[in-house]
Amino acid sequence: MAELITTELVDLDAAYGATKDDVITALAARIAEAGRSTDAGRLAADVFAREAKSSTGMPGRFAIPHCRSEYVLEPTLAFARLSPEIDFGAKDGPADLVFMIAAPASGDQVHMKLLTQLARALVRKEFTAALRAAQTEQEIVDLVRDAVQPPAPKEAAAAAPAGSAATTGDAAATTTGAAATTSGAAAEAGFAGESGHASPLSPSNPASGTATASARAGEPMTILAVTACPTGIAHTFMAAEALENAGKKAGVHLVVEPQGSVGADKLDPAVIAKASAIIFATDVGVRDKDRFAGLPEISTSVKNGIHEADQLVARAIAAAGDPQARRVSGTAASGDGAPARAGGWGAKLKNAVLTGVSYMIPFVAAGGLLIALGFLLGGYEVAKSGFGKDGATSLADFVLGTHSLTNLPDGSLSPHALLGSGFTLYLGAALFKLGALAFGFLVPALAGYIAYAIADRPGIAPGFTAGAVAGFTGGGFLGGLVGGILAGFVAAWIARWKVPAFARGLMPVVVIPLLATLISGGLMLVVLGRPLAWVTTSLQDALNGMSGTSAIALGAILGLMMCFDMGGPVNKAAYAFATAGLNVDQPATLKIMAAVMLAGMVPPLALALSTAVRPRLYNAAERENGKAAWLLGASFISEGAIPFAAADPVRVIPSIMAGGAVTGAISMASGVQLSAPHGGVFVLFAVSGILMFFVALLAGVLVAAAAVTVAKSTGARRTAVEDDAPVTV
Amino acid sequence: MPSITVKVGSSVGLHARPATIISEKAEELDADVTLAVPGGDPVDADSSLMIMTLGASCGDDVVVSSDDEAAMRTIAALVEQDLDAE
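Numbers given to residues run from 1 along each chain, matching the order in which its sequence is written. Chain letters start at A and ligand numbers start at 1, both assigned in the order the entries are written. In keeping with the model being predicted, local features are shown solely for residues with a pLDDT of at least 70 and side-chain atom pairs are shown and tallied solely at 80 or more, while totals for entire chains, interfaces and linings include all residues. Side-chain numbers here rest on the full set of heavy atoms in the structure, without hydrogens or water.

Caption draft 1: Here's a closer look at the overall build of chain B. What counts as a helix is a DSSP run of H or I of at least four residues, what counts as a strand is a run of E of at least two, and both are numbered from the N terminus. Along the backbone of chain B there are 3 helices and 4 strands. Each helix and strand of chain B, placed in order from N terminus to C terminus, yields the pattern β-α-β-β-α-β-α. When each of the 86 residues of chain B is scored for burial, the buried share is 52%. For chain B, the proportion of contacts with a sequence separation of at least 24, taken over those separated by at least 6, is 72%. Surface summary for chain B: the accessible area is close to 3700 Å², and the carbon and sulfur share equals 44%. We call a residue buried when its accessible area falls under 20% of the maximum for its residue type, exposed when it is over 50%, and partly exposed in between, using a 1.4 Å probe and counting protein chains only. What makes two residues a contact is simply this: any of their non-hydrogen atoms within 4.5 Å. Only the protein chains shown count as covering a residue, and every accessible area follows the Shrake-Rupley method with a 1.4 Å probe.

Caption draft 2: Representation of the overall build of chain A in the model. For chain A, the helix and strand inventory stands at 27 helices and 14 strands. Split into buried and exposed, the 729 residues of chain A put 48% on the buried side. Across chain A, every contact between residues at least 6 apart in sequence was considered, and the portion connecting residues at least 24 apart equals 72%. For chain A, the accessible surface area stands at approximately 30600 Å², while carbon and sulfur atoms represent 63% of it.

Caption draft 3: Quick look at the pattern of salt bridges. Residues and elements named next belong to chain A. For this document, the term salt bridge refers to a Lys or Arg side-chain nitrogen within 4 Å of an Asp or Glu carboxyl oxygen. Following the criterion strictly, the structure yields 15 salt bridges over all chains and no others. Note that D11 is salt-bridged to R30, the shortest N-O span being 3.2 Å. Of the two residues, D11 is situated in strand 1 (residues 10-14) and R30 in helix 1 (residues 20-33); the sequence distance between them amounts to 19 residues. You can call D11 buried: its relative accessible area is 14%. Taking relative accessible area as the criterion, R30 reaches 22% and is therefore assigned partly exposed. Across the pair D397 and K433 runs a salt bridge, and its minimum N-O distance is 3.2 Å.

Caption draft 4: Broad picture of a negative patch on the surface. Residue and element names in this part refer to chain B. On the surface, D30, D32, D44, D46, D67 and D68 cluster together into a negatively charged patch. With respect to the helices and strands, D67 occurs in the loop between strand 4 (61-66) and helix 3 (69-80). What makes D67 exposed here is its relative accessible area of 61%. In this analysis, a patch consists of residues with relative accessible area above 30% that form no salt bridge, clustered at 9 Å for like charges and at 5 Å for the nonpolar side chains Val, Leu, Ile, Met, Phe, Trp and Tyr. The convention is simple: Lys and Arg are positive, Asp and Glu are negative, and His and the chain ends are not counted. Note that the charge is assigned to NZ on lysines, CZ on arginines, CG on aspartates and CD on glutamates.

Caption draft 5: Inspection of the nonpolar core at higher detail. Joining through side-chain atoms within 4.5 Å is the link that ties buried Ala, Val, Leu, Ile, Met, Phe, Trp, Tyr and Cys residues into a set, and such a set is a nonpolar core. Counting 87 residues, the largest nonpolar core has L607 and L674 of chain A as the members making the most contacts within it. With 14 residues, the single largest contributor to this core is helix 23 (residues 587-613) of chain A. The residues contacting L674 of chain A, other than those within four sequence positions of it, are L582, L590, M593, A594, M597, V683, A686 and V687 of chain A. Of all hydrophobic cores here, the second largest spans 75 residues; its members include I24, A121 and V141 of chain A together with L49 of chain B.

Caption draft 6: Examining the sheet that holds strand 3 (residues 43-44) of chain B more closely. Residues and elements named next belong to chain B. Pairing between strands is defined by DSSP: at least two bridges between the two strands are required. In space, the 4 strands of this open sheet follow the order 1-4-2-3, with antiparallel pairing throughout. The open sheet terminates on both sides in strands that have one partner only, identified here as strand 1 (3-7) and strand 3. Sheet topology note: the strand 2 (residues 33-36)/strand 3 ladder contains 2 bridges and is antiparallel. Note on strand 3: the bridge partner recorded for T34 is D44.

Caption draft 7: Up close: unusual backbone geometry. Residue and element names in this part refer to chain A. In this structure, the amide linkage connecting S83 to the following residue, P84, adopts the cis form with an omega of 5°. Positionally, P84 belongs in strand 5 (residues 76-86). Positioned with a positive phi, D456 is a non-glycine residue whose angle comes to about 65°. Note on placement: D456 falls in the loop between helix 16 (442-455) and helix 17 (460-473).

Caption draft 8: Representation of the packing of helix 17 of chain A against helix 18 (residues 476-495) of chain A. Residues and elements named next belong to chain A. Between helix 17 and helix 18, the shortest axis-to-axis distance is 8 Å and the interhelical angle comes to 150°. Taken together, the axis directions place helix 17 and helix 18 in an arrangement best described as roughly antiparallel. By crossing handedness, the relation of helix 17 to helix 18 is classed as right-handed. The segment helix 17 lies against helix 18, with P462, G463, A466 and A470 engaging G476, G479, G480, G483 and A487. Put simply, Ala, Val, Leu, Ile, Met, Phe, Trp, Tyr, Cys and Pro go in the nonpolar bin, Asp, Glu, Lys and Arg in the charged bin, and everything else, Gly too, in the polar bin. Split by residue class, the contact of helix 17 with helix 18 holds 4 nonpolar, 5 polar and no charged. Axes, fitted as lines to C-alpha atoms, cover a helix only where it is in contact. Angles between the N-to-C directions of the axes lie from 0 to 180 degrees. Any angle that falls under 35 degrees is termed roughly parallel, while one over 145 is termed roughly antiparallel, one within 65 to 115 roughly perpendicular, and all others oblique. For any pair of crossing helices, the crossing counts as left-handed if the nearer helix is rotated counterclockwise from the farther one by less than a right angle, and right-handed if it is rotated clockwise.

Caption draft 9: Spatial organisation of a nonpolar patch on the surface. Residues and elements named next belong to chain A. Taken together, F472, W493, W497, L518, I519, L523, L525, V526 and V527 make up a surface patch of nonpolar side chains, about 930 Å² in accessible area. The element that contributes the greatest number of residues to the nonpolar patch is helix 20 (residues 506-545), accounting for 6 residues. Here I519 shows up in helix 20.

Caption draft 10: Quick look at the pairing of strand 8 (residues 253-258) of chain A. Residue and element names in this part refer to chain A. Summarising burial for strand 8: 5 of the 6 residues are buried, a large majority. As paired strands, strand 7 (residues 222-228) and strand 8 are joined by 6 bridges and run parallel to one another. Considered in strand 8, the bridge of V226 is made with E257.

Caption draft 11: Structural detail: the packing of aromatic side chains. All names here are of chain A. Centres within 6.5 Å make a pair out of two Phe, Tyr or Trp rings, where for Trp the six-membered ring is used; the pair is then stacked when the planes are under 30 degrees apart, edge-to-face when over 60, and tilted otherwise. With the rule as written, the count across this model stands at 9 aromatic pairs over all chains. Where Y449 meets F464, the ring centres are 5.6 Å apart and the plane angle is 80°; that geometry is what we call edge-to-face. Of this pair, Y449 sits in helix 16 while F464 sits in helix 17, and the two are 15 residues apart along the sequence. A connected cluster of aromatic rings, assembled from ring pairs, spans Y449, Y452 and F464.

Caption draft 12: Here's a closer look at helix 17 of chain A. Compared with the 20 Å implied by 1.5 Å per residue over 14 residues, the 20 Å span of helix 17 of chain A between its first and last C-alpha is a close match. G474 of chain A occupies a position one or two residues after helix 17 of chain A and carries a positive phi of about 80°. Between the first and last residue of a helix there are one fewer steps than residues, each counted as 1.5 Å, and that sum is the expected span.

Caption draft 13: Region of interest: the packing of helix 1 (residues 16-29) of chain B against helix 3 of chain B. Residue and element names in this part refer to chain B. Where helix 1 meets helix 3, the axes come as close as 10 Å, and the angle between the chain directions of the two elements is 170°. Compared by their axis directions, helix 1 and helix 3 come out roughly antiparallel. Contact residues: I21, I22, K25, A26 and L29 in helix 1; A71, T74, I75, L78 and V79 in helix 3. Here the contact of helix 1 with helix 3 is built from residues that sort into 8 nonpolar, 1 polar and 1 charged.

On their own, these measurements won't tell you what the molecule is for.
Okay, structure coming up:
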């Protein structure tokens, strides 16, 4: 189970409004933002409902609004320190500390245990005082984590490390034993000396001599450390050095991962597997903390890493032998990142590409919508070239270059400008140009952030440059993909060079950007430019030349992908294909964008329709969900169908996939075009072929709704066994 | 001090809401009533927070004690009741 509370769920000095409803709404939104609730509004509504029965203001100026809600994905604590305080109905006055407890509908016991543990902590004056005095979100998280143990720590520790980390438990057990012989005695003594002023966050009884496991002699204990400071230049490495020296002194094998601005030289998973404890001497978030899941952890500031390295090492050694020690939480086996930790290049690349796409989409959105607005106001002629002295300037550039708001162009230049006026033409030209400029960042941003995902900050400049080269040589988004990956790996490779200490500071700001840009950009320009341009041109020609059955097939396949996992990797692959290729000068890419968005709108709309037509096939919560799904579907938020698909995948997913395929095929066949990457019916102005846009959408929604309704009505009478059948679609 | 052992009736145990209802009643009664899980330290029934620290789930035994027998029975009845029911 994941952590109950993280720094993103903590808000110090929050001013949300005048009433407790404002506080609850804001905290629900925070929980949803952290990805722990499917619907902030409904979660807040559930809390309001419980709050209405009796208020949750408690004596001692705090409040614990809470609920069990089906819109909560995992047990979650959100914390806000209110300024000014707000009345939560307690007798002794308004509250300044608010804990909002959100538990999934099924988690009766979790909910209860949480409340109990929180209550036990809150009756202690020093706990509430510490909450009120805390300076950072992390302090709150540490305080709460220490007070509220996850309900099943043993289970979590055992379940967390999978794959490579599966050995961590065993290894830790044996190396702990080893430590007892090699350095255990010294460490225990050292720690006992320090325990007088040990951090209040450390486990309650760490020196209780737990290192009694049978010893396996000869091998020193492995202890890991991560150091990181906000600038990532000086302190990170000073702390790393101090800790390494302290490790030598204590006779342990201490391995440090300095997470500086050069990017982290990631610890070998084999070393992590052998480790018995980890020290985090960090002032900023630890990157990829999941790698260390299950290890006993000592958290402190980077400054303590420098000045109190010896004590930290002693505490880590003690924690390694203490079953009660706080452990790094998180599930090593969850999510897309797991294969990456196992060393899979494929998974690492996939993550990098998805990062690139996710950073690129805002450029696509801003650029695409502005261009569409430009066309709407200025007529499609704004993009036409053939103006200016040399006859090679586009109308938009010509208008912007030679006219102004006080000297409007002649409206007749663009017969399709709105109202045919010079004013709208001028505005349209400005919007078009703005959009085109934003769009110009599409490929560089894709490449830049792919490189960033691979090599951290030093990858950005080489990546952006490689992407710009791809644009120059006509490599398109394929060029951006290749360039970004190339730049990322070159930057990461250079960052691994062992350089003298005095040069470390120069690496991220001068050496890596210069050399990585030179190498990757040079390769892109000189060697890869032409082949990539050729591939891109061929691909575009193929897409543009696609008509009849092949276009329909492409539309159907994209539709199937969009509706398969609603926001999952398959859906994202289809969506990335559409958005990354989006190019206003290539009609084929606009058709693909239209097919993808329309297909993605089908699932929520189809289920909304089905719940409206046959409400008795759905339970109360699903019917409520159905109402919301209308709006979600209309705005192209496919995720609106997830609650239905999760509850009954066997019947729901094939049905909506059928609808998505129909919509995708009709959209491609009829040539609907869309120049915006998102927005559903709210970007109709970016659509050409509005009639067929709705025809395609409606057809798919009807097919999917009919299929799911029929599947539900015939399937409802069958035994529950079928419900448990694995999804094999 | 007289005491009576009852089983928690609220379906999710003595959590915030039932605890608040019980503590409000206890305050009204103007008598010292304590609650405890068997073997545990008693806590004042007029503090919802203290009641929650018991961590009593549905069906758990709770010992209600008070010198004022009427008050004791009133609180015990509340503990037994399903205060979560609408």
